[in-house]
Number of protein chains: 2
Amino acid sequence: MKVEAKVDPSHEEMVEILDKALSTDAIITLFAYCRVFYEGRAKSELGPGDRVIIIKPDGSFLIHQKNKREPVNWQPPGSAVSIVLEDGKIMLRSVRRKPKETLEVELIKTYLVSYFQAEDYEELALTGSEAEMADLIFENPSLIEEGFKPLFKEKPIKHGIVDVLGRDKHGNLVVLELKRRRADLHAVSQLKRYVDALREEHKNVRGILVAPSITAGAKKLLEKEGLEFKKLNPPKREKKKKGKQKTLDFLSP
Amino acid sequence: MKVEAKVDPSHEEMVEILDKALSTDAIITLFAYCRVFYEGRAKSELGPGDRVIIIKPDGSFLIHQKNKREPVNWQPPGSAVSIVLEDGKIMLRSVRRKPKETLEVELIKTYLVSYFQAEDYEELALTGSEAEMADLIFENPSLIEEGFKPLFKEKPIKHGIVDVLGRDKHGNLVVLELKRRRADLHAVSQLKRYVDALREEHKNVRGILVAPSITAGAKKLLEKEGLEFKKLNPPKREKKKKGKQKTLDFLSP
DNA sequence: AGGTTGATATCGCCG
DNA sequence: CGGCGATGTCAACCT
């Protein structure tokens, strides 16, 4: 069965359905009144309340409250889930090995248990990223300034990795730090770090922050440091589909 | 009804159940074969596949594939969802105003529609954060070094906000940058930005990166810049509960 | 509304 | 595996 759902399941039904779902790589969704305990990189406790719990076949474990985009507690992919019967209560435990982290959910009342044998061979095709800004600049360097020649992309230097490294029409070395959204103080510090590193071995190094806009504070620091700003929007282009063929690879020539 | 679930709903049932759920501030969960289109800060397309869709009463909208902790597409809190009937197909549309972003889900087949009238008055009590490192240092300054005197927490300076500002036993100004996890190049750049800003108006400014560990590259840059590292783990303490009382505030004295 | 930074960030890439 | 940086980052806090 691809999908199964049981409202107000008994203990026995819960265990049976969860076992079936876990053994068949299904996505599990629970509506439950529960308590949550986490310990690992940090430590947390969440008192009783109604939440939505999702367990994915890759080990991802999400606990959502009724607001916010972020789960209140979670476990990342690769974690191992198990059902623990304790004091006549059902607990879910998810353990991650490295770093060692444990998540425990005490299910006080389960309103709904459901699972979904999901088939999905598609990947997201997204456009408007920072990487596409770099591509755009290599195709049309005059977007930065007349005479600009891009030379390297993602170039590792002494203390970090530069987005774009090139030369201007006077032969000066030029570092570009690209941001797909409004550039902030952090972006200026990053650019400064690259420029400082390059100035140790080159003279006449320019640093240009390339972004659709810049915060007031970042602009001030940028100018004090003698760095430059160039307005550029990330391009939204047609994107090739990234979907995977199911299992017909052996048919390829 | 607190919870309702319908497997293989008809068009009419879908619309009826969704309407009911949306009008009662329920959390909606769908299992569906669908396509997804997003346009806003970026633009994306996701071909047909099986996904779990969650719509929260605060407008949060999540689309999860069968792996990863992160939703493949989403809309943050405050977005407005609507049901669109088009070509005999049901589409879900979620619109955010600022920035303008739209998410559209074409429901090709819905395997399960369910909703949950969730009640939850608890908030997460978490310990082991960076803020608690600062508290710890104020309580026990010798953890940094003998004679250290912390003076300010979250102190705004010229270009940013310093975690902790204090003086050492010689009267030197000391900037602490705290990290609850392994410190990287970004952390060094951040500390350097603060130290540089303070050195414009003070002499003898020291910068100390305080973290449980540090990456090799960060250590190298830190030393070259004449900054220091102090190992300190974020403390895991007992935390007071942050749960809210339901509606008994008027009973308080 | 904009600025700044933390996060159990997660994720992807590359050495 | 560690290092490094992007993210439609999200979310909190402050001005």
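In this text, all values refer to a predicted model and were calculated from it rather than measured experimentally.

(A) Here's a closer look at the sheet that holds strand β12 (residues 173–178) of chain B. All names here are of chain B. If you walk across this open sheet you meet the 5 strands as β10-β11-β12-β13-β14, and the pairing is mixed. Each end of this open sheet is capped by a strand with a single partner; those strands are β10 (149–157) and β14 (228–231). Each adjacent strand pair in this sheet contributes to an overall mean axis angle of 30°, direction not counted. Strand direction decides the pairing type here: β12 and strand β13 (residues 205–211), joined by 6 bridges, are parallel. Within the sheet, the bridge partner assigned to leucine 178 lies in β13 and is valine 210.

(B) Representation of the protein's contact with DNA strand D. Around DNA strand D sit 32 residues in total, of which Arg69, Arg180 and Arg181 of chain A together with Trp74 and Arg182 of chain B are the nearest. For DNA strand D, the backbone portion of the atoms within 4 Å of the protein, that is sugar and phosphate, comes to 79%. The side chain of glutamine 190 of chain A places a nitrogen or oxygen atom 3.5 Å from a phosphate oxygen of DNA strand D. Among the elements of the structure, β11 (160–167) and α3 (185–199) of chain A together with β5 (73–75), α3 (185–199) and α4 (216–224) of chain B are those that each provide at least two residues to the surface near DNA strand D. Here the surface near DNA strand D is composed, by residue class, of 10 nonpolar, 8 polar and 14 charged.

(C) The arrangement of the pairing of strand β8 (residues 101–116) of chain B in detail. All names here are of chain B. Among the 16 residues in β8, 12 count as buried, and that is most of the element. Bridging between strand β1 (residues 3–7) and β8 involves 5 bridges; their strand directions are antiparallel. Paired with glutamate 4 across the two strands is tyrosine 115, which belongs to β8. As paired strands, strand β2 (residues 27–39) and β8 are joined by 13 bridges and run antiparallel to one another. Its bridge partner being in β8, arginine 35 is matched across the sheet by glutamate 106. For strand β7 (residues 89–96) and β8, the ladder comprises 7 bridges, and the chain directions are antiparallel. Paired with isoleucine 90 across the bridge in β8 is leucine 107. Counting the residues between successive antiparallel strands, the hairpin from β7 to β8 contains 4 residues.

(D) Expanded view of the protein's contact with DNA strand C. The environment of DNA strand C is made up of 31 residues, and the closest members are Arg41 and Arg182 of chain A together with Arg69, Arg180 and Tyr194 of chain B. Backbone atoms, meaning sugar and phosphate, form 80% of the atoms of DNA strand C found within 4 Å of the protein. One of the side-chain N or O atoms of tyrosine 38 of chain A is found 3.4 Å from a base nitrogen in DNA strand C. Arginine 180 of chain B has a polar side-chain atom sitting 2.6 Å from a phosphate oxygen of DNA strand C. Mapped by element, the contributors of at least two residues to the surface near DNA strand C are β5 (73–75) and α4 (216–224) of chain A together with β11 (160–167) and α3 of chain B. Classifying every residue of the surface near DNA strand C by side-chain character gives 10 nonpolar, 6 polar and 15 charged.

Definitions and cut-offs
- Residues numbered from 1 in each chain as written.
- Chains lettered and ligands numbered in written order.
- Predicted model: local features only at pLDDT ≥ 70, side-chain atom pairs only at ≥ 80, totals over all residues.
- Heavy atoms only, no water.
- Pairing = 2+ DSSP bridges.
- Helix = DSSP H or I, 4+ residues; strand = E, 2+ residues; numbered from the N terminus.
- Axes fitted to C-alpha atoms, helices over the stretch in contact; angles between N-to-C directions.
- Near = heavy atom within 4 Å.
- Polar contact = N/O pair within 3.5 Å; in protein donor to acceptor, adjacent residues only side chain to side chain.
- Nonpolar A, V, L, I, M, F, W, Y, C, P; charged D, E, K, R; others polar.
- Buried < 20%, exposed > 50% of the residue type's maximum accessible area, 1.4 Å probe, protein only.

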